[in-house]
Amino acid sequence: MVLHIDLDLRAPPAALEAQKHKLKRLVQSPNSYFMDVKCQGCFNITTIFSHSQTVVTCSSCAAVLATPTGGKVRLQEGTSFRRKAD
């Protein structure tokens, strides 16, 4: 167990920073990100937002790639994704 006194406030561990709320971190950063999603039917790659509020479909075959849940999107079964670099 790590006591609060034992931590270096200027360089906190990355694991502890990831657990904090996005506004309480040492350097504020959002929880959302863009990601590349590969369609399971035509293997077309589409860039979508992680917290999208609309249904995302493939541009070439019109298959549903992701559905909104109120927070992060839920990817359809069989689709693969890669988080885009900052």
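The present account deals with the structure reproduced in this document. On a predicted model such as this, the values are computed, not experimentally measured, just so you know.

Rules used in this analysis
- Residues numbered from 1 in each chain as written.
- Predicted model: local features only at pLDDT ≥ 70, side-chain atom pairs only at ≥ 80, totals over all residues.
- Heavy atoms only, no water.
- Pairing = 2+ DSSP bridges.
- Helix = DSSP H or I, 4+ residues; strand = E, 2+ residues; numbered from the N terminus.
- Axes fitted to C-alpha atoms, helices over the stretch in contact; angles between N-to-C directions.
- Salt bridge = Lys/Arg side-chain N within 4 Å of Asp/Glu carboxyl O.
- Buried < 20%, exposed > 50% of the residue type's maximum accessible area, 1.4 Å probe, protein only.

Considerations on the sheet that holds strand β2 (residues 45-49)
Strand order in the open sheet formed by 3 strands is β2-β1-β6, with antiparallel pairing between adjacent strands. Sheet topology places β2 and β6 (80-83) at the edges, where each strand pairs with a single neighbour. Ignoring strand direction, the axes of neighbouring strands in this sheet form an average angle of 30°. In this sheet, β6 lies alongside strand β1 (residues 34-38) in antiparallel orientation, the contact comprising 4 bridges. From the neighbouring strand, Asp 36 faces β6, where its bridge partner is Arg 82.

Observations regarding the sheet that holds strand β3 (residues 56-57)
Taken in spatial order, the 3 strands line up as β3-β4-β5 in an open sheet, and their pairing is antiparallel. Both edges of this open sheet fall to β3 and β5 (74-75), since each of them pairs with a single strand only. Note that strand β4 (residues 64-67) and β5 share 2 bridges and pair antiparallel. Within the sheet, the bridge partner assigned to Thr 67 lies in β5 and is Arg 74.

Brief notes about the pattern of salt bridges
Scanning the entire structure with this criterion turns up 3 salt bridges. Taking the shortest distance from any N to any O, the salt bridge between Glu 17 and Lys 20 comes out at 3.4 Å. With a relative accessible area of 13%, Glu 17 lands in the buried category. Shared partners join several salt bridges into a network, and the residues in it are Asp 36, Arg 82 and Lys 84.

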